[in-house]
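Here's the letter readout for the chains.
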Amino acid sequence: MNTQKVTMEFVREALPSRREDGHKGDFGKVLVVGGAVGYTGAPYLTAEGAVRSGCGLVFLGVPEAIWPVEASKCTCAMPFPAPGKNGMLCDKALKPLREKMAECDVLALGPGLGRSPETQKLVLGLLETEKPVVLDADGINALVGHMDSLDARRGRVTILTPHDGEFARLGGDAAADRAESSQSFAKAHGCVLVRKGHRTLTATPQGTVLENPTGCSGLAKGGSGDVLTGMIAALLAQGATAVRAAACGAYLHGLAGDLCAGWLTEYGMTPQDVAEAVPSAFQTVLIEN
C-alpha cells in the first residue's frame with residue numbers, strides 16, 4: 001500500500017500557533033501518570049518532552065515511593081505523590097488522579113508504570129476519561145485482554161505509541177507488512193497508532209498512513225519513547241489534531257535524535273540528550289526555508 005511521507009513543510013504548517021500575548025494557561029496542561037520503583041526516569045523524560053515542546057503546564061502523578069526522586073529531578077514540571085503499593089501506583093490512586101485530570105487537557109499514561117493487577121485496573125479506570133489520551137509502555141500493556149476498554153473510546157482522541165513487541169501483545173500482526181497491519185489496527189480500534197521503529201508510522205482510523213523520515217539508531221535506547229510520548233501530548237494540549245500531534249511529534253523527535261547523533265554520535269547520545277535537543281529540532285523546522 002502507499003504511504004505518505006511526512007515532510008518538514010507539513011510539520012511547519014501543522015504546528016499549533018502561539019499567541020504573542022499568550023500565558024501559560026493558553027498553551028495546554030498535560031498530566032503524566034506513571035513511574036515505579038526502578039523506573040523513575042520514564043515519567044521524568046515524558047515531562048521533559050512535554051515541557052520542551054511548548055506545553056504551558058505539566059503535572060506528574062507518581063507513586064508516593066518515588067515522589068522525592070521526581071521532585072528533585074523536575075524543575076519545570078510539577079510532580080505530586082499518589083497512593084501506591086509495592087512501589088507502583090495502585091487503584092486507590094484513581095480518585096486523586098481523576099481529580100487532577102479534570103484540571104488538565106491531555107493525559108499521558110503509562111511511562112514506567114510497571115505491571116500488576118492494580119496498575120492494570122488503574123489504567124482501565126483512567127481510560128474512561130473524555131479527555132485525549134496518549135497511551136504508552138505499560139499503559140499499552142494494561143490493555144492486553146481488555147481491548148474493549150480501547151474500543152469504548154472510539155470517537156474520543158486516543159493515541160497509542162507501541163513498539164513492535166507491544167503491538168503484537170495487543171493482537172497486531174507484527175510479522176505482516178508494517179503499513180497494512182498498522183492501518184488495519186487503527187481502523188479496527190478507532191485510534192491513532194504511532195508504530196515506533198525504523199521509519200515510524202502514524203496510522204489513522206480513516207485509513208491514512210504517514211511515514212516518518214527522521215530518526216537514527218541512537219534512539220534505540222530505553223527512555224527515547226518516553227520523550228516522544230511527552231512531545232505528542234504537548235502538541236495535543238496546544239490544540240493540534242490527533243494525527244498532526246502524532247506525526248509532528250514523531251518527526252521532531254526523530255530530528256532531535258538526528259541532531260544528537262551529529263553532536264554526540266549514535267553511540268554516545270542518551271534520551272536525556274534527545275529531550276534537550278527538542279528545542280533545536282523545533283528551531284530547525286521553524287527557520288528552515
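As a reminder, the structure under discussion sits directly above these lines.
Residues numbered from 1 in each chain as written. Predicted model: local features only at pLDDT ≥ 70, side-chain atom pairs only at ≥ 80, totals over all residues. Heavy atoms only, no water.

K.L.:
Can you help me understand the packing of helix α4 (residues 94–101) against helix α5 (residues 117–126) in this one?
P.N.:
When two helices pack together, you describe them by how their axes are tilted relative to each other and by the distance separating the axes. It is at 10 Å that the axes of α4 and α5 come closest, and there the two elements cross at 30°. With respect to α5, the element α4 is oriented roughly parallel. As α4 packs across α5, the resulting crossing turns out to be right-handed. Taking contact as the criterion, the partners of Leu-94, Leu-97 and Arg-98 in α4 are, on α5, Leu-122, Gly-125 and Leu-126. When the residues that make up the contact of α4 with α5 are grouped by side-chain class, the tally is 4 nonpolar, 1 polar and 1 charged. (Axes fitted to C-alpha atoms, helices over the stretch in contact; angles between N-to-C directions. Helix = DSSP H or I, 4+ residues; strand = E, 2+ residues; numbered from the N terminus. Parallel < 35°, antiparallel > 145°, perpendicular 65-115°, else oblique. Left-handed = near helix turned anticlockwise from the far one by under 90°. Contact = heavy atoms within 4.5 Å. Nonpolar A, V, L, I, M, F, W, Y, C, P; charged D, E, K, R; others polar.)

K.L.:
What exactly am I supposed to notice about the nonpolar core here?
P.N.:
Grouped burial of nonpolar side chains is what soluble globular proteins tend to show. Formed by 56 residues in total, the largest nonpolar core has its most connected members in Val-11, Val-30, Val-58, Leu-60, Ile-159, Leu-252 and Val-285. Considering each element in turn, this core owes the most residues, 11 residues, to helix α11 (residues 242–268). The contacts of Val-58, once residues within four sequence positions are left out, are Val-30, Val-32, Ala-47, Ala-50, Val-51, Ala-77 and Met-78. By size, the runner-up hydrophobic cluster in this structure holds 38 residues, among which are Ala-82, Ala-93, Ile-140 and Leu-170. (Core = buried A, V, L, I, M, F, W, Y, C linked by side-chain atoms within 4.5 Å. Buried < 20%, exposed > 50% of the residue type's maximum accessible area, 1.4 Å probe, protein only.)

K.L.:
Explain the environment of Val-285 to me, please; I cannot follow it from the model alone.
P.N.:
Looking at the secondary structure, you find Val-285 in helix α12 (residues 271–287). Overall, Val-285 belongs to the buried group, its relative accessible area being 0%. Taking the C-alpha atoms as reference, Val-285 lies 26 Å from Pro-132; in sequence the two are 153 residues apart. Not counting residues within four places of it along the chain, the set of residues in contact with Val-285 comprises Met-8, Val-11, Arg-12, Leu-15, Tyr-251, Leu-252 and Leu-255.

K.L.:
I would appreciate a short explanation of the pairing of strand β4 (residues 78–82) in the present structure.
P.N.:
Across a regular strand the side chains alternate sides, sitting on one face of the sheet and then on the other. Here 5 bridges tie strand β3 (residues 57–63) to β4, and the two strands are oriented parallel to one another. Following the sheet pairing, Val-62 is matched in β4 by Pro-81. In this fold, β3 hands off to helix α3 (residues 67–73), which returns the chain to β4; that crossover is right-handed. (Pairing = 2+ DSSP bridges. Right-handed = clockwise from strand over helix to strand, strands pointing away.)

K.L.:
So what exactly am I meant to see when it comes to the pattern of salt bridges here?
P.N.:
Pairs can form between side chains of opposite charge whenever their charged atoms are close. Here the structure, examined in full by the defined rule, presents 12 salt bridges. Arg-19 is paired through a salt bridge with Asp-26; the nearest N and O atoms lie 3.7 Å apart. Classification of Asp-26 as partly exposed rests on a relative accessible area of 31%. Among the ionic pairs, Lys-100 bridges to Glu-103, the shortest N-O distance being 3.4 Å. Its relative accessible area of 19% is what places Lys-100 among the buried residues. Overlapping salt bridges bring together Arg-19, Asp-21 and Asp-26 as one network. (Salt bridge = Lys/Arg side-chain N within 4 Å of Asp/Glu carboxyl O.)

K.L.:
In this structure, what is going on with the packing of aromatic side chains? I would like to understand it.
P.N.:
Taken as a whole and judged by the stated rule, the model has 1 aromatic pair. Across from the ring centre of Phe-27, 3.8 Å away, lies the NZ or CZ of Arg-18, which sits over that ring. Against the face of Phe-167 rests Arg-195, its NZ or CZ located 3.9 Å from the ring centre. (Phe/Tyr/Trp six-rings, centres within 6.5 Å; stacked < 30°, edge-to-face > 60°. Lys NZ or Arg CZ within 6 Å of the ring centre and 35° of its normal.)

K.L.:
I tried to follow the packing of helix α2 (residues 41–51) against helix α10 (residues 224–237) on my own but got confused; where do I start?
P.N.:
Running from N to C, α2 and α10 cross one another at 40°; their axes reach a closest spacing of 6 Å. The angle between the axes of α2 and α10 places the two elements in the oblique class. For the element pair α2 and α10, the recorded crossing hand is right-handed. Residues Ala-42, Leu-45, Thr-46, Gly-49 and Ala-50 of α2 form the contact with α10, whose own contacting residues are Asp-226, Val-227, Thr-229, Gly-230, Met-231 and Ala-234. Looking at the contact of α2 with α10 residue by residue, the classes come out as 6 nonpolar, 4 polar and 1 charged.

K.L.:
Could you clarify how one ought to interpret unusual backbone geometry in this entry?
P.N.:
With glycine set apart, most residues show a phi of negative sign, and most peptide bonds adopt trans. Even without a glycine there, the phi angle at Asn-86 is positive, about 55°. Tracing the backbone shows Asn-86 in the loop between β5 (84–85) and β6 (88–89). Unlike most non-glycine residues, Ala-137 shows phi in positive territory, near 50°. Of note, Ala-137 is situated in the loop between β8 (133–135) and α6 (138–141). A relative accessible area of 15% places Ala-137 in the buried class.

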